[in-house]
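Each chain, letter by letter, is given below.
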Amino acid sequence: MDTVATIDIGALFGPAGPDRDAADAALWDGLRSTGSVIIRNYPEAEKVDERARAGLGVFDLPEAQRRALTTRLEVSGNPNLYRGYWPVTPGRKLQNDYFDVGPADPEPGPDLPGAEMLAEPTPWPDPEPEPGWCATVRAHYDHLNRVAQAMIRSLGRSAGFDEAAIGARFDGAHSTLRFLSYAKGAANPETGPDGVKVSAARHLDESGLSLLWQEAPGLEAEGQDGVWRAIPMVENAISVHVGSVMTGLTRGVVPATPHRVRASDGPRRSVGFFLEPALSAPLTPADHAGETSVRESYAWQLLKTFSARPHWKGTIPDPETGAA
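What counts and how
- Residues numbered from 1 in each chain as written.
- Predicted model: local features only at pLDDT ≥ 70, side-chain atom pairs only at ≥ 80, totals over all residues.
- Heavy atoms only, no water.
- UniProt positions renumbered as here; feature names shortened; annotations may be inferred.
- Helix = DSSP H or I, 4+ residues; strand = E, 2+ residues; numbered from the N terminus.
- Pairing = 2+ DSSP bridges.
- Axes fitted to C-alpha atoms, helices over the stretch in contact; angles between N-to-C directions.
- pLDDT = per-residue confidence, 0-100.
- Parallel < 35°, antiparallel > 145°, perpendicular 65-115°, else oblique.
- Contact = heavy atoms within 4.5 Å.
- Nonpolar A, V, L, I, M, F, W, Y, C, P; charged D, E, K, R; others polar.
- Buried < 20%, exposed > 50% of the residue type's maximum accessible area, 1.4 Å probe, protein only.
- Phe/Tyr/Trp six-rings, centres within 6.5 Å; stacked < 30°, edge-to-face > 60°.
- Lys NZ or Arg CZ within 6 Å of the ring centre and 35° of its normal.

- Looking up the chain in an unreviewed UniProt entry gives the name 2-oxoglutarate-dependent ethylene/succinate-forming enzyme, with the organism given as Nisaea acidiphila.
- Here the chain is described in UniProt, under the heading Sequence similarities (unreviewed entry), as follows: "Belongs to the iron/ascorbate-dependent oxidoreductase family."
- In UniProt, the chain has this text filed under Pathway (unreviewed entry): "Alkene biosynthesis; ethylene biosynthesis via 2-oxoglutarate."

Below, the structure written as structure tokens:
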């Protein structure tokens, strides 16, 4: 199977000029041709593997500690509803446990019933999996956020939009750092049209950008040509995938990246950082000049999406009807 390209994005962190233009072009061409790229030569790239593996220690905690971090949809009486630990549920596109980390200082969203849960703090394990674990995870969050912010502005420039207008949508703290664990033999009920058995079925992320790291192979991205390409195993490798939010902000100019994970016989762990808009940011195209309403905000969209899912029924009110 073909693999995606590896590109140097170091110049995205420097001044405007020919070097940055070349990095813009490499990112743009790679994502539009094969759907995903591996990035290298960005600040603190050498720390990616170490920090990711440390964060995955959350799955090695005793069961009682993991239950204390689990959302109250699964463990009644727990205070957290949105951030924290989510055990695998049958039939889900992704057959994994995961632990969601939000920003250090979540910013509130618009005045919508249920929106307060979107800005809840992250529950932290006590005691930590190892000394300094929370600080390492927080450093990883901040690092990946900086890298993703540079790339979202780069794509805005390449797509012909005002990079400041694109960047402004992602100002404010709301993005998600997610640690994922697939059990041995985990498989989704779906099988790809090409007969591939998957643990995470073909899907698009509802983000601006997704930065994905894997401890073992299995992640694949689908290019605009319909070809599935493997994400290679490279030291300190992060792959970049466009989310549906960025496609909407650019009026479809930047296509989202379909991706999936092949099922494997052994366990598999990975880490994703999802660059998300601020809760109050509108999801209208970046060149939209008119006024916007709360109905067009990212918080409204999240609540609309979650309220339609069976496991949230009775918990989150539909922002349109007010019915839970």
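Let us keep going from here.
**A look at the UniProt feature "domain: Fe2OG dioxygenase" (unreviewed entry) in the chain**
- In the numbering adopted here, UniProt assigns the feature "domain: Fe2OG dioxygenase" (unreviewed entry) to residues 172–277.
- Taken end to end, residues 172–277 is 6% helix and 41% strand, and its first and last C-alpha atoms sit 8 Å apart.

**Quick word on the sheet that holds strand β8 (residues 219–222)**
- Taking strand neighbours across the sheet as the criterion, the four strands line up as β6-β11-β8-β9 in an open arrangement whose pairing is antiparallel. Edge strands, defined here as strands with exactly one partner in the open sheet, are β6 (198–203) and β9 (228–230). Each neighbouring strand pair of the sheet contributes to a mean axis angle of 25 degrees, computed without reference to strand direction.
- Here β8 runs beside β9; their pairing, made up of three bridges, is antiparallel. Bridge pairing in β9 places Glu220 opposite Ala230.

**Thoughts on unusual backbone geometry**
- Cis peptide bonds are those with omega within 30 degrees of zero, and the linkage from Asp126 to Pro127 qualifies with 5 degrees.
- Looking at where Pro127 falls in the secondary structure, it is placed in the loop between β4 (97–101) and α4 (133–158).
- If you check the backbone angles, Asn236 has positive phi at about 55 degrees while not being a glycine.
- The topology assignment puts Asn236 in the loop between β9 and β10 (238–242).
- Of note, Arg251 is a non-glycine position whose phi angle comes to about 55 degrees, a positive value.

**Quick word on the confidence of the model for the chain**
- Summarising the model, the chain shows a mean pLDDT of 93, and 99% of its residues fall at 70 or more.
- When pLDDT is averaged over each element of the chain, helix α2 (residues 48–55) comes out on top at 98 and β6 at the bottom at 88.

**Description of the packing of helix α1 (residues 18–34) against α4**
- Where α1 meets α4, the closest approach of the two axes is 9 Å, and the angle between their N-to-C directions is 85 degrees. Taken together, the axis directions place α1 and α4 in an arrangement best described as roughly perpendicular. Taking contact as the criterion, the partners of Arg20, Asp24, Leu27, Trp28 and Leu31 in α1 are, on α4, Met151, Ser154, Leu155, Arg157 and Ser158.
- Among the residues making up the contact of α1 with α4, the classes are represented as five nonpolar, two polar and three charged.

**Focus on the sheet that holds strand β5 (residues 176–182)**
- Strand order across the open sheet formed by eight strands is β1-β2-β10-β7-β12-β5-β4-β3, with mixed pairing between neighbours. Both edges of this open sheet fall to β1 (5–8) and β3 (84–86), since each of them pairs with a single strand only. Adjacent strand axes in the sheet meet at a mean angle of 25 degrees when their direction is disregarded.
- Where strand β7 (residues 209–214) and β10 come together, four bridges link them in antiparallel fashion. Directly across from Leu211, in β10, lies its bridge partner Val240.
- The strands that α1 touches are β1, β2 (36–40) and β10; relative to β2, the one it contacts most, it runs at about 150 degrees.

**Observations regarding the pairing of β7**
- In terms of residue burial, β7 counts as a mostly covered element, since six of its six residues are buried.
- What you see with β7 is no split at all: Leu209, Leu211 and Trp213 on one side and Ser210, Leu212 and Gln214 on the other are buried throughout.
- Where β7 and strand β12 (residues 268–275) come together, six bridges link them in antiparallel fashion. Note that in β12 the partner of Gln214 across the bridge is Ser270.

**Structural notes on the packing of aromatic side chains**
- With the rule as written, the count across this model stands at eight aromatic pairs.
- A ring pair is formed by Trp124 and Trp133, whose centres lie 6.1 Å apart and whose planes are at 75 degrees; its orientation type is edge-to-face.
- According to the relative accessible area criterion, Trp124 is partly exposed, its value standing at 28%.
- We classify Trp133 as buried; its relative accessible area is 1%.
- Ring pairs connect the aromatic residues Tyr82, Trp86, Tyr98, Phe306 and Trp312, which therefore count as one cluster.
- In this structure, Arg178 packs its charged tip against the face of Tyr98, placed 4.3 Å from the ring centre.

**Regarding the pairing of β4**
- In terms of residue burial, β4 counts as a mostly covered element, since five of its five residues are buried.
- Two strands pair when backbone bridges link them, and β3 and β4 are joined in this way by three bridges, in the antiparallel orientation. Following the sheet pairing, Tyr85 is matched in β4 by Phe99.
- Direction of pairing for β4 relative to β5: antiparallel, over a ladder of five bridges. Each bridged residue has a counterpart across the sheet, and for Asp97 the counterpart in β5 is Ser181.

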